[in-house]
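Structure assessment
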Amino acid sequence: MYHFLILAAILFTIGLFGVMTRRNTIGILMSLELMFNAANINFVAFNKYIVSDPMAGQMFAIFIIVIAAAEATIGLAIVLLIYRNWQGIDTDHYSIMKW
Amino acid sequence: MIDNGEVGLAFWILSVVILGSGFMVVSLKNIFHCAIFLILCLSGVAGIFILLNAEFLAAAQVLIYVGAVAILMVFAIMLTSDLASRKIVQTNQNALVAFLACLVFLTSVVWLIRSSLGSGVWNFTREGLPSDNVMIIGKLLMTEYMLPFEVVSVLLLAAMIGAIVLARRERS
């Protein structure tokens, strides 16, 4: 239990570092996937070792995977659109949301 | 008490693979190599799921993450960046600050896990999960988790339509 939680915490931190430092938008999305996976490991570990409702943790993890897939689809579509309009996907290229 | 479980050699190998490739994902210069290491990392997580008696989840992980999401990433990289031509700096100027912040975050989370697991408020079970977990998940999806299942289906449909609408070229 303890080992799995620590593993998930380190993986989450690596993802967090990636989100904060990457300049490429696709790199940020990939780091985001790492963080999703860390959360999933936590859910499944708790599901195995602390059972109150036998399958609740795994069901949650399944739904998280689905949400992550939807998020990746939309995110990458937006990245493509940005690339088409700005000819680059580095985060310092576009700041039209800032005012 | 801290429940150590009995983690075997498989756990250590998988952790090294996951953390190593995860670190590669956030630190390599070539974004395409990052995608390859992301695939390795996600496969390692599937292995961890098997260790935790979640075989269905491991299969879903391989199918959806490794098979779909990672390949989608590779497609997006191919479509957007001219990756072969240049080695650009991939990190921005606040890498050091981010590293320190992550260190603080990690330390506090580890401290939290230690103190929380040591406090004894959790009641650990020793019994394993039922082994026919695919069947149970199937039943639960059709009974108890019917509503979330339907909602998430609608969400996927919406995401699909949204992606098509976003990525479509406007005719001029």
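Residues numbered from 1 in each chain as written. Chains lettered and ligands numbered in written order. Predicted model: local features only at pLDDT ≥ 70, side-chain atom pairs only at ≥ 80, totals over all residues. Heavy atoms only, no water.

The next subject is the overall build of chain A. Along chain A, the regular secondary structure elements total three helices and zero strands. Ordering the α and β elements of chain A from the N terminus gives α-α-α. Contacts spanning at least 24 positions in sequence make up 58% of the contacts within chain A whose residues lie at least 6 apart. On chain A, roughly 3800 Å² of surface is accessible, and the fraction owed to carbon and sulfur atoms is 71%. (Helix = DSSP H or I, 4+ residues; strand = E, 2+ residues; numbered from the N terminus. Contact = heavy atoms within 4.5 Å. Areas by Shrake-Rupley, 256 points an atom, 1.4 Å probe, with all protein chains shown as cover.)

Turning our eyes to something else, we now look at the environment of Met73(B). Within the secondary structure layout, Met73(B) lies in helix α3 (residues 55–80). For Met73(B), a relative accessible area of 0% translates into the label buried. Note: C-alpha distance between Met73(B) and Ala35(B) (38 residues apart in sequence) is 6.9 Å. Not counting chain neighbours up to four residues away, the residues in contact with Met73(B) comprise Ile26(A), Leu29(A), Met30(A), Glu33(A), Leu76(A) and Leu38(B). (Buried < 20%, exposed > 50% of the residue type's maximum accessible area, 1.4 Å probe, protein only.)

Contacts between the two partners involve 68 residues from chain A and, on the opposite side, 83 residues from chain B. With both chains or domains summed, chain A and chain B bury close to 7100 Å², and 78% of this area falls on carbon and sulfur atoms. Ranking the residues of chain A by area buried against chain B places Tyr2(A), Arg22(A) and Met30(A) at the top, with a combined share of 10%. The tally of links from chain A across to chain B stands at zero salt bridges. In this assembly, chain A and chain B are joined by seven residue pairs in polar contact (both at pLDDT 80 or more). Elements with a minimum of two residues in the side of chain A that touches chain B: α1 (2–21), α2 (25–49) and α3 (56–86) of chain A. (Buried area = accessible area lost by both parts, 1.4 Å probe. Salt bridge = Lys/Arg side-chain N within 4 Å of Asp/Glu carboxyl O. Polar contact = N/O pair within 3.5 Å; in protein donor to acceptor, adjacent residues only side chain to side chain.)

Our focus in this paragraph is helix α1 (residues 9–27) of chain B. The terminal C-alpha atoms of α1(B), which comprises 19 residues, lie 27 Å apart, in line with the 27 Å expected from a rise of 1.5 Å per residue. The set of residues buried in α1(B) consists of Phe11(B), Leu14(B), Ser15(B), Ile18(B), Ser21(B), Gly22(B), Val25(B) and Val26(B). Buried residues along α1(B) cover an arc of 155 degrees about the axis, so they all sit on one side. Among the exposed residues of α1(B), those oriented more than 90 degrees off its buried face are Leu9(B) and Val16(B). In the core, the buried residues of α1(B) are packed alongside α1 and α2 of chain A together with α2 (31–51) of chain B. (Expected span 1.5 Å × (residues − 1). Arc of directions from axis to C-beta.)

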